[in-house]
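Okay, here's what each chain looks like letter by letter:
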Amino acid sequence: MNILKITLGGIICIVWFLIIHTIKMFRMYLVLLENRVEFGRFVFAYLRTTLVNLIIPFKLGEIYRMFVYSRMTGNAGMGIAGTLTDRFFDTAALVLILIPLHVMYPAKISGVSVFLAVFVIFTVFVYMIFMPAYGYLNKYIIINRDSKNSMTVLRFLEMMRSAYDHVKRLVSGRYAIIILMSFAAWVLEGGLLFLIAWITDISYNAGIFSDYITSIMSTRDIVLRRTYTTFSITVIAICTAIQGVALCVGRYRK
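Residues numbered from 1 in each chain as written. Predicted model: local features only at pLDDT ≥ 70, side-chain atom pairs only at ≥ 80, totals over all residues. Heavy atoms only, no water.

**Considering the pattern of salt bridges**
For the structure on display, the rule yields eight salt bridges. In this structure, Asp90 engages Arg27 in a salt bridge whose closest nitrogen and oxygen atoms are separated by 3.1 Å. On the criterion of sequence distance, the pair formed by Asp90 in helix H4 (residues 76–104) and Arg27 in helix H1 (residues 2–31) is long-range, its members being 63 residues apart. The pair Asp90 / Arg27 is uniform in exposure class, with both members buried. A salt bridge links Arg87 to Asp86; the nearest nitrogen and oxygen atoms lie 3.0 Å apart. With relative accessibility at 18%, the residue Arg87 sits in the buried group. For Asp86, a relative accessible area of 2% corresponds to the buried category. Via salt bridges that share partners, Arg27, Glu62, Arg65, Asp86, Arg87 and Asp90 belong to a single interconnected network. (Salt bridge = Lys/Arg side-chain N within 4 Å of Asp/Glu carboxyl O. Helix = DSSP H or I, 4+ residues; strand = E, 2+ residues; numbered from the N terminus. Buried < 20%, exposed > 50% of the residue type's maximum accessible area, 1.4 Å probe, protein only.)

See below:
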């Protein structure tokens, strides 16, 4: 019975996991859609950056992801803005899920969850007030440009305006679908964690899911996270190798 449970459960987990990452992959592809990136190259880039992100703690693999997408699009600003935009929507959906969980389990509120909520609120606030603030500051500095630092400030403002325009162009008309995909991915991931916990006889509830989220952004170690990370690295590594070989064969045939 245990062998059957592990075998069938393992197959379901792999399929479930691939569905989750298909959603996440298409979310990122949607962000970079206008760059007309070759789909096969994009899939390989997504897989290998995800693998690095799983191996390197504290989500520091996102730096590598920025580098890869910058090279792939031929635009550093687009690669950085695309990665940050994807991360923002992923975090925003997670915060929406954590809010009711923390209402049910107030003892599970952690510094990480508070930080994520503040980050999302602050980012939305900055995005909303940026253009009015930019217009006012730009006009004020041009009128009062006697200061030695006025040109430096103007250049900084133009750099910020360029970043704002990058982000706006990436998500224009796509806010709703990107946030829905992010929400779906997190809900499915919560279900997958439940299935893995059931197969491995690890206790699991909404409070433990909250602990899992906290452990991702901290040094805290929980059994469920360790098990899921090992499973994720194994599946993503295999998919990355398969996609890499497929790309090489495709290029060789050309």
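**Here's the deal with the packing of H4 against helix H8 (residues 206–216)**
One can describe the packing of H4 onto H8 by two numbers: an axis separation of 10 Å at closest approach and a directional angle of 130°. One element, H4, and the other, H8, form an angle in the oblique class. Crossing geometry of H4 relative to H8 is assigned as left-handed. Residues Leu94, Ile97, Leu98, Leu101, His102 and Met104 of H4 form the contact with H8, whose participating residues are Ala206, Phe209, Ser210 and Ile213. When its residues are assigned to classes, the contact of H4 with H8 shows eight nonpolar, two polar and no charged. (Axes fitted to C-alpha atoms, helices over the stretch in contact; angles between N-to-C directions. Parallel < 35°, antiparallel > 145°, perpendicular 65-115°, else oblique. Left-handed = near helix turned anticlockwise from the far one by under 90°. Contact = heavy atoms within 4.5 Å. Nonpolar A, V, L, I, M, F, W, Y, C, P; charged D, E, K, R; others polar.)

**Some thoughts on the state of the cysteines**
Scanning the model with the defined rule gives zero disulfides in all. Counting only cysteine sulfurs, Cys239 is the nearest neighbor of Cys248, a cysteine outside any disulfide, at a range of 16 Å. We classify Cys248 as exposed; its relative accessible area is 51%. (Disulfide = S-S within 2.5 Å.)

**A closer look at the nonpolar core**
In this structure, Leu32, Phe42, Tyr69, Phe209, Tyr212, Ile213 and Tyr228 are the most contacted members of the largest nonpolar core, which totals 58 residues. A total of 11 residues in this core trace back to one element, the largest contributor, which is H4. Look past the residues within four positions of Tyr69 in its chain and what remains in contact with it is Met28, Leu32, Phe42, Ala45, Tyr46, Thr49, Gly79 and Thr83. Among the nonpolar cores identified, the runner-up in size contains six residues, and Phe130, Tyr134, Leu154 and Tyr164 belong to it. (Core = buried A, V, L, I, M, F, W, Y, C linked by side-chain atoms within 4.5 Å.)

**Considerations on a nonpolar patch on the surface**
Together, Ile109, Val114, Val118, Phe122, Val124, Phe125, Val126, Met128 and Ile129 give the surface a local cluster of nonpolar side chains, amounting to about 820 Å² of exposed area. Structurally, Phe125 is set in helix H5 (residues 111–143). Here Phe125 falls in the partly exposed class, since its relative accessible area comes to 48%. (Patch = residues over 30% accessible without salt bridge, like charges linked within 9 Å, V, L, I, M, F, W, Y side chains within 5 Å. Areas by Shrake-Rupley, 256 points an atom, 1.4 Å probe, with all protein chains shown as cover.)

**Some thoughts on H4**
Over its 29 residues, H4 extends 43 Å from the first C-alpha to the last, a length consistent with the 42 Å expected when each residue adds 1.5 Å. Put simply, Asn75 is the residue that caps the front of H4, since its side-chain oxygen is 3.0 Å from the backbone nitrogen of Met78. (Expected span 1.5 Å × (residues − 1). Polar contact = N/O pair within 3.5 Å; in protein donor to acceptor, adjacent residues only side chain to side chain.)

**Considering unusual backbone geometry**
Not every positive phi belongs to a glycine, and Asp201 is a case in point at roughly 60°. Here Asp201 is to be found in the loop between helix H7 (175–199) and H8.

**Quick notes on the packing of aromatic side chains**
Throughout the structure, instances matching the rule amount to 15 aromatic pairs. Through pairs of rings, three or more aromatic residues link up here, namely Phe17, Phe209, Tyr212, Tyr228 and Phe231. Lys24 extends its terminal NZ or CZ atom over the ring of Trp186, reaching a point 5.6 Å from the ring centre. (Phe/Tyr/Trp six-rings, centres within 6.5 Å; stacked < 30°, edge-to-face > 60°. Lys NZ or Arg CZ within 6 Å of the ring centre and 35° of its normal.)

**Remarks on the packing of H4 against H7**
Describing two packed helices takes the angle between their axes plus the distance from one axis to the other. Where H4 meets H7, the closest approach of the two axes is 8 Å, and the angle between their N-to-C directions is 60°. Here H4 is positioned oblique relative to H7, judged by the angle of their axes. Of the two possible hands of crossing, H4 and H7 adopt the one that is right-handed. Contacts between H4 and H7 involve Phe89, Asp90, Ala92, Ala93, Leu94 and Ile97 on the former and, on the latter, Tyr175, Ile178, Ile179, Ser182, Phe183, Trp186 and Val187. Of the residues belonging to the contact of H4 with H7, the class tally is 11 nonpolar, one polar and one charged.

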